[in-house]
Amino acid sequence: MKPVRSLAAVLSAACVPMLLPALLPGMALGVAHAQPEGAMREAAQDINVARSLSRAFQAVARTTEPSVVHITQLQRISNVQRNIFGMPIAVGEPVLRPAGLGSGAIVSEDGLILTNNHVVAQAEQLRVRLFDGREFPAKVLGRDPQTDVAVLRIEAKGLPALKFADSDKVEVGEWVVAIGSPFGYRNSVTSGIISARGRSGVSNNPEGYEDFLQTDAAINPGNSGGPLLNLDGEIVGINTAIATRAGGSEGIGFAIPANIVRNVMNTIIKNGRVTRGFLGVSFAPPEEDASKIREGVKIASVADDGPAAGAGLKPGDVITRFNGRPVEQVDLLRTAIATTPPGTTVELEYLRDGARSKASIRLADLGRATGEAFIEALGITVRRVTNDLARQLGYRSARGLEGVAIVSMEPGGRALGAGLKPGDIIWGVNGARTRTPDELLKELKDADLARGVEINAIREGMRGSVVIRENANLGGE
């Protein structure tokens, strides 16, 4: 690709194709001499620049399309008829039917595929179609509702795998290409730029971890899970959401940064579950300190036995940088900590009484420190009930509340469909006590969801139970 002379040249090149139809009639009448020779020469050069950029996009599409897959979600649907009162009656055995579409990116030659959690969360089976037309059933290795990342595997070898870019180095204004299956149209390629970094508050999940890249590359339903690529054909993000009033692309799309996706994927492959970094602090909104410096995020409290306490951090300290990156929002700092693998040593810069200090801190494992875990069978994230958590839920202490509290729920998950809510405390499965996430996982593993599982819970001090079964959607042809 030839070097671009200037931004003005690029803008001029973009305008030339629109001007040519207007110029050609005049040129046909023999008035081409009205254009100065130098201007014509510059116009030709600008067209060459535009063609060079076009060839760059063509090269990205040509080399990366074979690494992008089409994902079909299959659910068990019952054929129904109506009785004389108009009520639906299931007829015959349920059948598997397509119930959702999405995209994915191949990231290893032996069949690892990245996509969004919401593309696969409700599937009973998944089918992956490659660029060459081959189809494979896919197994979910792990998924993470809080970052909307899922990792799949298909039984295939020698696949063309995409590489990751360092998303921390992606700059606003950088050209990017999105590839996926919008509205089911496979292998659609769109281009644009990175419009912004560090977007949060995009989803409706208050427990989610968000630090999105924003792009104006056209992203539509069906693009979810597909890659956002730089001009080197490397993954800078996984497309996940759009901001729209009409349901289609309006020039504001969001992608999970590659570094977050890669960290989540690596913890799933290594540990069989998502693990998160734990600093051992809670945050307050930033406030003006004694030296009148407005920046960073203020620490509200420090866990006695957490990594932050061991490094000497105190309530009132204001964290200004995390691993060299300026800290501007609580949500972004919370995401940066949680999506850094446990055991990683991070560099913090902070203010205390107007003086700047630094600390190197080795992050702990959030799940082990707080007793938090994602329960895939129910579509919930739970946490062991402690005195602090019990008080947050409106109880005086954890006494008599042995169990795990629901801290977040997946839309469309089994627990939500059965009527459970965040804040409910699960203490048993079919009457068997479950005091920890591990005990809950064990009881559910041995239970038969097809026949129905009784979940024993406490809500606002009252005990009750709900029965949860496998999803069984009613639908016709």
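Keep in mind that what you see is a predicted model, and the values were worked out from it rather than measured.

**Student:** Please provide a residue-by-residue account of the overall build of the protein chain, values included.
**Tutor:** Along its length, the protein chain carries 10 helices and 30 strands. Classification of the 477 residues of the protein chain by burial places 43% in the buried group. Summarising the internal contacts of the protein chain: among those between residues at least 6 apart in sequence, 61% fall at separations of at least 24. Of the roughly 24,200 Å² that the protein chain leaves accessible, carbon and sulfur atoms contribute 51%.

**Student:** Tell me about helix H2 (residues 37–64), residues and numbers included.
**Tutor:** Counting along an α-helix, one turn takes 3.6 residues, and residues three or four places apart therefore face a common direction. Over its 28 residues, H2 extends 41 Å from the first C-alpha to the last, a length consistent with the 40 Å expected when each residue adds 1.5 Å. Buried within H2 we find Asp-46, Val-49, Ser-52, Leu-53, Ala-56, Phe-57, Val-60, Ala-61 and Thr-64.

**Student:** Can you break down the nonpolar core residue by residue, with the values?
**Tutor:** In terms of nonpolar packing, the biggest core is built from 27 residues, with Val-107, Leu-114, Phe-164, Ile-235 and Val-261 touching the most fellow members. The dominant element in this core, judged by the number of residues it contributes, is helix H4 (residues 258–271), at six residues. Beyond its immediate sequence surroundings of up to four residues, Val-261 is in contact with Leu-114, Val-149, Phe-164, Ile-238 and Ile-256. Counting residues in hydrophobic clusters, the runner-up holds 19 residues, among them Val-281, Val-297, Val-327 and Tyr-350.

**Student:** So what's going on with the packing of aromatic side chains? Residues and values would help.
**Tutor:** Scanning the model with the defined rule gives two aromatic pairs in all. With centroids separated by 5.2 Å and ring planes inclined at 75°, the aromatic side chains of Phe-57 and Trp-175 adopt a geometry described as edge-to-face. Taken together, the positions of Phe-57 in helix H2 and Trp-175 in strand E9 (residues 175–180) put the pair 118 residues apart, joining distant regions of the chain. The exposure class assigned to Phe-57 is buried, which follows from its relative accessible area of 17%.

**Student:** Pulling in residues and values, what's your account of a nonpolar patch on the surface?
**Tutor:** A grouping of Ile-84, Phe-85 and Met-87 is seen on the molecular surface, where their side chains present a nonpolar patch of about 430 Å² in accessible area. Examined against the element boundaries, Phe-85 turns out to sit in the loop between strand E2 (80–82) and strand E3 (88–90).

**Student:** Give me the lowdown on H4, citing residues and values where you can.
**Tutor:** Between its terminal C-alpha atoms H4 stretches 20 Å, which fits the 20 Å expected from 14 residues at 1.5 Å a residue. Every buried residue belonging to H4 is among Ala-258, Asn-259, Ile-260, Val-261, Val-264, Met-265, Thr-267 and Ile-268, and all of these are buried. In the stretch just after H4, Gly-272 is the one whose phi turns positive, near 75°.

**Student:** Provide a residue-level description of the environment of Arg-414, including the pertinent values.
**Tutor:** Secondary-structure assignment places Arg-414 in helix H9 (residues 414–418). Remark: the alpha-carbon pair of Arg-414 and Glu-376, spanning 38 residues in sequence, is separated by 9.4 Å. At 2.8 Å, the side chain of Arg-414 and the backbone oxygen of Ala-377 are in polar contact.

**Student:** Which residues make up the pairing of strand E6 (residues 125–129), and what values go with them?
**Tutor:** Side chains of E6 alternate between two faces, with Leu-126 and Val-128 buried and Gln-125, Arg-127 and Arg-129 left unburied. With four bridges joining them, E6 and strand E7 (residues 135–144) adopt antiparallel strand pairing. Paired with Arg-127 across the two strands is Pro-137, which belongs to E7. Between E6 and E7, which follow one another and run antiparallel, lie five residues, and Gly-133 among them has a positive phi close to 95°.

**Student:** Can you lay out the environment of Val-318 for me, pointing to particular residues and giving the numbers?
**Tutor:** The residue Val-318 is located in strand E18 (residues 318–322) in this model. Sequence separation between Val-318 and Ala-300 is 18 residues, and the spatial gap between their C-alpha atoms is 9.4 Å. Setting aside chain neighbours within four positions, we find Val-318 in contact with Glu-295, Gly-296, Val-297, Lys-298, Glu-349, Tyr-350 and Leu-351.

**Student:** Explain the side chain of Gln-146 residue by residue, including any values.
**Tutor:** Mapping Gln-146 onto the fold places it in the loop between E7 and strand E8 (149–153). Engagement of the side chain of Gln-146 in a polar contact is seen with the side chain of Arg-276, the distance being 3.0 Å. The residues contacting Gln-146, other than those within four sequence positions of it, are Asn-205, Glu-207, Gly-208, Tyr-209, Arg-276, Glu-372, Thr-381 and Ser-408.

**Student:** Can you explain the sheet that holds strand E11 (residues 212–215)? Please cite residues and give values.
**Tutor:** Strands sit in the order E9-E10-E11-E14-E13-E12 around a closed barrel of six strands; the barrel is antiparallel. Averaged over all pairs of adjacent strands, the angle between their axes in this sheet comes to 45°, without regard to strand direction. Sheet topology note: the strand E13 (residues 235–242)/strand E14 (residues 253–257) ladder contains five bridges and is antiparallel. From the neighbouring strand, Gly-237 faces E14, where its bridge partner is Pro-257. In the packing of H2 onto the sheet, the strands contacted are E9, strand E10 (188–199) and strand E12 (227–229), and the crossing angle to E9 comes to about 35°.

**Student:** Let's hear about the confidence of the model for the protein chain: which residues, and what values?
**Tutor:** Chain-level statistics for the protein chain give a pLDDT mean of 83 and a share of 85% at 70 or above. The model gives residues 1–33 a pLDDT under 50, and that stretch makes 22 contacts with residues more than four places away or in other chains. Taken together, the stretch residues 472–477 has pLDDT below 50 and engages in 14 contacts with residues farther than four places along the chain or on a different chain.

How each quantity is defined
Residues numbered from 1 in each chain as written. Predicted model: local features only at pLDDT ≥ 70, side-chain atom pairs only at ≥ 80, totals over all residues. Heavy atoms only, no water. Helix = DSSP H or I, 4+ residues; strand = E, 2+ residues; numbered from the N terminus. Buried < 20%, exposed > 50% of the residue type's maximum accessible area, 1.4 Å probe, protein only. Contact = heavy atoms within 4.5 Å. Areas by Shrake-Rupley, 256 points an atom, 1.4 Å probe, with all protein chains shown as cover. Expected span 1.5 Å × (residues − 1). Core = buried A, V, L, I, M, F, W, Y, C linked by side-chain atoms within 4.5 Å. Phe/Tyr/Trp six-rings, centres within 6.5 Å; stacked < 30°, edge-to-face > 60°. Patch = residues over 30% accessible without salt bridge, like charges linked within 9 Å, V, L, I, M, F, W, Y side chains within 5 Å. Salt bridge = Lys/Arg side-chain N within 4 Å of Asp/Glu carboxyl O. Polar contact = N/O pair within 3.5 Å; in protein donor to acceptor, adjacent residues only side chain to side chain. Pairing = 2+ DSSP bridges. Axes fitted to C-alpha atoms, helices over the stretch in contact; angles between N-to-C directions. pLDDT = per-residue confidence, 0-100.

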